[in-house]
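# Topology and contacts: notes
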Amino acid sequence: MVFKCLIVFVLFVVGHISAENLTIQIADGQVKGVETWSIAGNTYYAFYSIRYAKAPTGILRFQAPVPVDPWTDVYDATYEKNICYQVNVDSSDEDEDCLTLSVYTPINPLNDDNEKYPVMVYIHGGGFYWGSGQTKSYTGGIGPGYLMDSKVVMVSINYRLGPFGFFSTGDTVIPGNAGLKDQTLALKWVQNNIAYFGGDTSKVTIFGESAGGASVAYQLLSASSKGLYTAAILESGTALCPWAFQRNQTEITYKTASFIDSQFDENRDSQQLLSYLQTVDAKAIDDASRNYTDWAEPYVEPGVTGILNGQLQQGFFYAPVVEVVHDGAFLITNPYEAFASGSFNQVPILIGTCSEEGLMSYDTHLQYTLSMYDLDHALLVPQGMHVADDQTKSKIGDEIKNIYSPNGDMQDNLLSGIQYYTDQNFQKSLISHAELQSQYTDVYFYIFSYSGDMGGNSDHRYPGSGNVTHTEEGNYIFERNNPKNFPVDDQLVHERIVRLWVNFAYYKNPTPSEDSILQNVTWPLVTESNFQYLDIGENVQILKDPKKEKYSFWKDLYETYGVRPYETY
């Protein structure tokens, strides 16, 4: 998911000097990295874009990734290489040969040192169609410096996006979820190799933001990734978010292909589709995905079709699916039902949200979209409720409209739309995930409510809203600027959130002991009878029942009208 933050990322890559021949032996061969420094002046060692899978081209296109073959030469990991194809942008470094990961470590791997540090593996966001695990600001901005200062080993991965990562024909020909399978293979690589970089394989925390957070949830749900990590952090994303699951991927797959060859408007032979698409140029598939997106969700006066296909509300076009049962399937159970029944990899999680995620939809199209809701309140009803009867859907829509804008049209009350998007697209799903998982594992919940300059949100604010928009907390976690260029309060919030995240990686507890930086707070677990959470604002404080009124409303709505089994919530 993309929040176009108007902030210049100053990535202090101060020289990338190799003061020595930083070449080490790992499981597949030798790799050469570089010595560099964080903004704070601490030395760390970077190994960029190490290949973990074969290039997924030709007959490997749309299929599960295949581990890389060992190499005999020294692999040059001193610079960043390709990014995966992006649906919404074109760049010279897009390529199918993109299945790489970067490793950053505060330990010199050449030293004979038995000390091992916890590992934090980052899965980037971007709506499953955009982004990378690289430091480049325009696709990732994943600067590791702050975490290097805190003495953890960090890994950041690329995985296939858009049609390359999420096409599905609803059978075993193109089963789907290739991008998620890439992530799992990268986690296997971590288990096999991270010790060479000073990482502790018994302390691996996976974390991600937005679609990265949803990806973390999907890794929790997949039996194929069991045992590959010991804890998880989900920032502003879960598999239960309505945008994180696609119910119509098969039709989207064929329709996208029709923008290359019109026969697939009618032809539903999955083997023919695969054989054809594995021979065309990758750029043709990339262009087709952009053409499909423009066709299905036009940006100018989208009308009812555009609203119905709204990706944040109803599912990104190229997104995870439940696969048919087969060997190698990543996901075969509806996400909500799996969490409800305890059928997931049961590790502790830290999960939360920014205070007003819906501000990301505060743009020139918002008022028009709200006017469409005013004409037909049924458009407000999530597809994931599975309500088929039009009269019932209209009734539900009336109830949703009345709680968000009781005194007039939504188009005349932009705040109502922002708050609706916050709850519908993010917060009800994240709170529900925390509730469900707390029955089986330790769960820590947070709301990031600090609105500061370091967050980079200069345009997406609105009177009466929570003011902290989607992905804003990331600027306090990743080294994108020098914290000293921001107010003292911003620096303190930055120090606190990094401390909490790193504590969780070390101890599976974000507040293992009293800490004056954290105002000596003890972050309580979520329980069925007492939903307490940490509010990360100008101060850190323990509060209870996040979004109590609105969440209770949505919960009652699902219980009254929803039809299970649910995929999302």
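Residues numbered from 1 in each chain as written. Predicted model: local features only at pLDDT ≥ 70, side-chain atom pairs only at ≥ 80, totals over all residues. Heavy atoms only, no water.

This is how the line gets drawn: UniProt positions are given in the numbering used here, feature names are shortened, and annotations may be inferred rather than shown by experiment.
With an unreviewed UniProt entry as reference, the protein is termed Carboxylic ester hydrolase, source organism Sitophilus oryzae. Regarding the protein, the UniProt comment filed under Sequence similarities (unreviewed entry) reads as follows: "Belongs to the type-B carboxylesterase/lipase family."

## Considerations on the packing of helix 5 (residues 249–258) against helix 7 (residues 282–296)
Packed helix pairs are specified by the crossing angle of their axes together with the interaxial distance, meaning the distance between the axes. Cut-off, in case you're wondering: To get an axis, a line is fitted to the C-alpha atoms, and for a helix only the part in contact is used. The angle between two axes follows their N-to-C directions and goes from 0 to 180 degrees. Labels follow the DSSP assignment, with helices taken as runs of H or I lasting at least four residues and strands as runs of E lasting at least two, numbered in each case from the N terminus. Small angles under 35 degrees read as roughly parallel and large ones over 145 as roughly antiparallel, with 65 to 115 read as roughly perpendicular and the rest as oblique. Each helix crossing is assigned a hand: it is left-handed if the near helix lies turned anticlockwise from the far helix by less than a right angle, otherwise right-handed if that turn is clockwise. Residues count as neighbours in contact if any of their non-hydrogen atoms are within 4.5 Å of one another.
Put simply, helix 5 and helix 7 touch, their axes get as near as 8 Å, and they point 115 degrees apart. Compared by their axis directions, helix 5 and helix 7 come out roughly perpendicular. Helix 5 and helix 7 meet at a crossing whose hand is right-handed. For the pair formed by helix 5 and helix 7, the contact residues are Ile 252, Lys 255 and Thr 256 on the first element and Ala 288, Ser 289, Tyr 292 and Trp 295 on the second.

## As for the nonpolar core
What counts, and what does not: Buried Ala, Val, Leu, Ile, Met, Phe, Trp, Tyr and Cys residues form a nonpolar core when they are joined through side-chain atoms within 4.5 Å. Burial classification: accessible surface area is computed with a 1.4 Å probe over protein chains only, and a residue below 20% of its type maximum counts as buried, one above 50% as exposed, and the rest as partly exposed. Domain extents, as shown, originate in an automatic or database domain assignment.
Core analysis: the largest hydrophobic core is formed by 131 residues, its most contacted members being Phe 47, Ile 50, Val 103, Phe 197, Trp 243, Ile 400 and Phe 445. Looking at this core element by element, the count peaks at nine residues for helix 13 (residues 414–437). Formed jointly, this core draws a minimum of three residues from each of two domains, domain 1 (36–280 + 311–341) and domain 2 (348–561). Apart from the residues within four sequence positions on either side, Phe 445 is in contact with Ile 351, Gly 352, Thr 353, Leu 430, Ile 431, Ala 434, Trp 523, Val 526, Phe 531, Tyr 533, Leu 534 and Pro 546. Listed in part, the 42 residues of the second largest apolar core include Ala 46, Tyr 146, Met 148 and Ala 231.

## So, the state of the cysteines
Quick reminder of the rule: We call a pair of cysteine sulfur atoms a disulfide whenever their separation is within 2.5 Å.
Going through the model one piece at a time under the given rule, you end up with one disulfide. Linked covalently through their sulfurs, Cys 84 and Cys 98 form a disulfide whose S-S length is 2.1 Å. What sets the handedness of the Cys 84 and Cys 98 disulfide is the S-S torsion sign, and at about 90 degrees it is right-handed. Here the residue Cys 84 occupies a position in the loop between strand 5 (74–76) and strand 6 (100–105), and Cys 98 occupies one in the loop between strand 5 and strand 6, the gap between them amounting to 14 residues. For Cys 84, a relative accessible area of 3% corresponds to the buried category. This cysteine, Cys 241, is not joined by any disulfide, and Cys 354 carries the nearest cysteine sulfur, 12 Å off.

## Examining unusual backbone geometry
What you tend to see is this: most non-glycine residues have negative phi, and most peptide bonds are trans. For the peptide bond that leads from Arg 564 to Pro 565, omega is 10 degrees, which places it in the cis range. You will see that Phe 128, though not glycine, has its phi angle at about 65 degrees, which is positive. Among the structural elements, Phe 128 can be located in the loop between strand 7 (117–123) and helix 1 (145–149). The backbone phi angle of Gln 519 is positive, close to 60 degrees, even though this residue is not glycine. Structurally, the position occupied by Gln 519 is in the loop between helix 15 (488–507) and strand 13 (532–536).

## Here's the deal with the packing of aromatic side chains
The relative placement of two aromatic rings is captured by the distance of their centres and the angle of their planes. We count it as follows: When two rings of Phe, Tyr or Trp (its six-membered ring) have centres within 6.5 Å they constitute a pair, described as stacked for plane angles under 30 degrees, edge-to-face for angles over 60, and tilted for the intermediate range.
One pass over the full model with this rule turns up 43 aromatic pairs. Ring centres 6.1 Å apart and planes at 25 degrees place the aromatic pair Phe 207 and Phe 478 in the stacked group. With a gap of 271 residues between them, Phe 207 in strand 9 (residues 199–209) and Phe 478 in the loop between helix 14 (474–477) and helix 15 connect regions that are remote in the sequence. Exposure remark for Phe 207: the relative accessible area of 0% places this residue in the buried category.

## Digging into the pattern of salt bridges
Filter applied, for reference: By definition, a salt bridge exists where a carboxyl oxygen of Asp or Glu is found within 4 Å of a side-chain nitrogen of Lys or Arg.
Considering all chains together, one arrives at 17 salt bridges under this definition. Between Lys 136 and Asp 93 there is a salt bridge whose closest N-O contact spans 2.6 Å. Separated by 43 residues along the polypeptide, Lys 136 in the loop between strand 7 and helix 1 and Asp 93 in the loop between strand 5 and strand 6 bring together distant segments of the chain. When its relative accessible area of 18% is taken as the criterion, Lys 136 is described as buried. Among the residues examined, Asp 93 registers a relative accessible area of 12% and is labelled buried. With its nearest N and O atoms 2.5 Å apart, the salt bridge here joins Asp 515 to Arg 499. Remark: Arg 499 occurs in helix 15 and Asp 515 occurs in the loop between helix 15 and strand 13; sequence separation between them is 16 residues. Of the residues examined, Asp 515 reaches a relative accessible area of 16% and is grouped as buried. Given a relative accessible area of 27%, Arg 499 falls into the partly exposed group.

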